[in-house]
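Single-letter residue listing:
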Amino acid sequence: MASPPRSRSPPVTRAMRARAAASSERIPPDVLFDVLLRLPARDLCRLRAVCRSWRALTSGDALFAEAHAAAHPGPLFLAKFRDDKSSVYVVDLSGNALKRVAGVGGGPYHHLLCTSLNLACLATDWNRCSVLNPATGAVRVLPESPADEHANRVNLSNPYTFFALGRVAATGEHKVLRMFNRLGFHNGGQQVFEVFTVNGGDGDARWRGRQGPGLFIDECSGVVVDGVVYFLTSRVYEGVRCGIRPDYIVSFDLGTEEWRSDLRGPISSNAGDRKVPHYTRCDLSLAELKGSLVLADHREQPMSMDLWFLSDVGNGLWAKEYHIRTHSIISRLVGTDTFAEVGIRCLDSVGVYTGNLLSLGEVDMV
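To keep things clear, this report deals only with the structure shown in the data block. (Residues numbered from 1 in each chain as written. Predicted model: local features only at pLDDT ≥ 70, side-chain atom pairs only at ≥ 80, totals over all residues. Heavy atoms only, no water.)

1. Some details on the overall build of the chain
Basically, it comes down to this: Each helix is a run of DSSP H or I of at least 4 residues and each strand a run of E of at least 2, with the numbering of both proceeding from the N terminus. For the exposure calls, accessible area comes from a 1.4 Å probe over protein chains only, and a residue counts as buried if that area is under 20% of its type's maximum, exposed if over 50%, partly exposed in between. Contacts are assigned to residue pairs that have any heavy atoms within 4.5 Å of one another.
Assigned secondary structure in the chain consists of seven helices and 21 strands. Relative to its full complement of 366 residues, the chain shows a buried share of 43%. Looking at the chain alone, contacts between residues at least 24 apart form 53% of all its contacts between residues at least 6 apart.

Here you go:
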């Protein structure tokens, strides 16, 4: 990803404000609307300081914000870089930094969860988690203590945790799923699950214990789609005659805070019984694409990847929409000097930002 530009636009002076204020009084409102609509959000956030009428239009007019989002639909991302681990950046598809939120990165061991929301979640593997609002810079640090139901089941002195942040569409609530992971399939290990409502009332400002799915899950496979957290089952089942296929999927509904019915993946649904044992968990991974749950099937001979989309959640139907020849992509990149002269910053972690850039304010706009 290209380095964010270090230079900043010149500040708006009093003389500039006076001239703009005088000019704005002579510009018809509909013309001003159309002109400002053409400017990128980064520039609009700076121009708010010019005069009250411009500020009112670009920060308080819902119609303008909606029209601007439609006119500038490019995806935005939240990124954390290895050379600035205390900050979170809002970047565009070209890697240009639009805003830097300083002092919220949590340090070198906090990673951005791969979300697609207007909030960000930073977490570690040992029970540190915070939720960031990039628009305001507000941070909510979640408590480390376990739910009352799990007070005697969690080893807080040496925790190993997984976190997932999702939004419940029906209520607008953002919830975090936490799992304390003490795996040990053959020696009585356990996985403990809890839920926290980020924007709930005082009664929800605590971790609430929830039942497990009845199977060990692979916490590294977790992905959130439309308020549901999906997991592949743990690799501990490989080679065990228990009927658990490598693409067996369990899911937790953040709205009801209950586990859904288990889901058969596309491999075991479409392949014959003799072919399924040839698959291992390391060949498969889950992702969210175009608002759908996707299972990626990685092949080594030849190097390729099939993307299976869950087309019908209720009936568990899958459709293979893409077959990607990864070998040809890698060969093309290695055989060119595309990145030879490009300044690149090493990404630590990244997520998709769905918030409105006009709400990011003027502070720390890059």
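2. With respect to the pairing of strand E21 (residues 347–353)
Quick note on the threshold: Strands were regarded as paired on the criterion that DSSP finds at least two bridges between them.
Note that strand E1 (residues 76–81) and E21 share six bridges and pair antiparallel. Its bridge partner being in E21, leucine 76 is matched across the sheet by tyrosine 353. Across two bridges, strand E5 (residues 116–117) lies against E21 in parallel orientation. Residue pairing in the sheet places serine 116 in a bridge with valine 352 of E21.

3. Here's the deal with the sheet that holds strand E19 (residues 304–312)
We count it as follows: Orientation is described by axes fitted as lines to C-alpha atoms, over the contacting stretch for helices, and by angles from 0 to 180 degrees between their N-to-C directions.
Across the sheet, which stays open at both edges, the four strands sit in the order E17-E18-E19-E20 with antiparallel pairing between neighbours. The sheet is open, and its two borders are formed by strand E17 (284–289) and strand E20 (317–324), each paired with just one other strand. On average, each strand axis in the sheet is tilted by 30° relative to the strand beside it, whichever way the strands run. Two elements, strand E18 (residues 292–299) and E19, share six bridges in a ladder whose sense is antiparallel.

4. Examining the sheet that holds strand E8 (residues 139–141)
Taken in spatial order, the four strands of this open sheet run E4-E6-E7-E8, and their pairing is antiparallel. Looking at the sheet topology across the chains shown, the edges are occupied by strand E4 (111–112) and E8.

5. Observations concerning the environment of valine 350
On the secondary structure map, valine 350 appears in strand E21. Distance from valine 350 to lysine 80, taken between C-alpha atoms, is 6.4 Å for residues 270 residues apart in sequence. Among residues more than four places away in sequence, those in contact with valine 350 are Phe77, Leu78, Ala79, Leu112, Leu113 and Cys114.

6. As for the nonpolar core
What counts is decided by this rule: Nonpolar core, defined: a set of buried Ala, Val, Leu, Ile, Met, Phe, Trp, Tyr and Cys residues in which side-chain atoms within 4.5 Å join the residues together.
With 27 residues, the main nonpolar core has Phe64, Leu78, Val88 and Leu132 as its most contacted residues. Of all the secondary structure elements, the ones that give two or more residues to this core are helix H2 (29–37), helix H3 (41–47), helix H4 (52–60), helix H5 (62–71), E1, strand E2 (84–92), strand E3 (97–101) and strand E6 (120–123). The element contributing the most residues to this core is H2, with four residues. Those residues within four positions of phenylalanine 64 in sequence are excluded, and the remaining contacts are Phe33, Leu36, Leu37, Leu44, Leu57, Thr58 and Leu358. Grouped together as the second largest cluster of nonpolar side chains are 19 residues, Ala164, Ile217, Val229 and Tyr237 included.

7. Some details on the packing of H2 against H5
Selection criterion: Reported orientations rely on four angle classes, namely roughly parallel under 35 degrees, roughly antiparallel over 145, roughly perpendicular from 65 to 115, and oblique for the rest. Two helices cross in a left-handed way if the nearer one is turned anticlockwise from the farther one by less than a right angle. They cross in a right-handed way if the turn is clockwise. The classification used treats Ala, Val, Leu, Ile, Met, Phe, Trp, Tyr, Cys and Pro as nonpolar, Asp, Glu, Lys and Arg as charged, and all other residues, Gly among them, as polar.
Put simply, H2 and H5 touch, their axes get as near as 10 Å, and they point 40° apart. In terms of orientation, H2 lies oblique with respect to H5. For H2 against H5, the interelement crossing comes out right-handed. Residues Phe33, Leu36 and Leu37 of H2 form the contact with H5, whose participating residues are Leu63, Phe64, Ala67, His68 and Ala71. For the contact of H2 with H5, a count of residues per class yields seven nonpolar, one polar and no charged.

8. Focus on the side chain of glutamine 191
Operational definition: By the criterion applied in these results, polar contacts are pairs of N or O atoms within 3.5 Å in which, for protein atoms, one can donate a hydrogen and the other can accept it, and in which residues neighboring in sequence qualify only through two side-chain atoms.
Structurally, glutamine 191 can be placed in strand E11 (residues 190–197). In this structure the side chain of glutamine 191 is engaged in a polar contact, spanning 3.0 Å, whose partner is the backbone nitrogen of isoleucine 217.

9. Thoughts on the side chain of threonine 124
In this structure, threonine 124 sits in the loop between E6 and strand E7 (129–132). Separated by 3.2 Å, the side chain of threonine 124 and the backbone nitrogen of tryptophan 126 make a polar contact. Contact partners of threonine 124, with chain neighbours within four places excluded, come to Tyr109, His110, Thr161 and Phe163.

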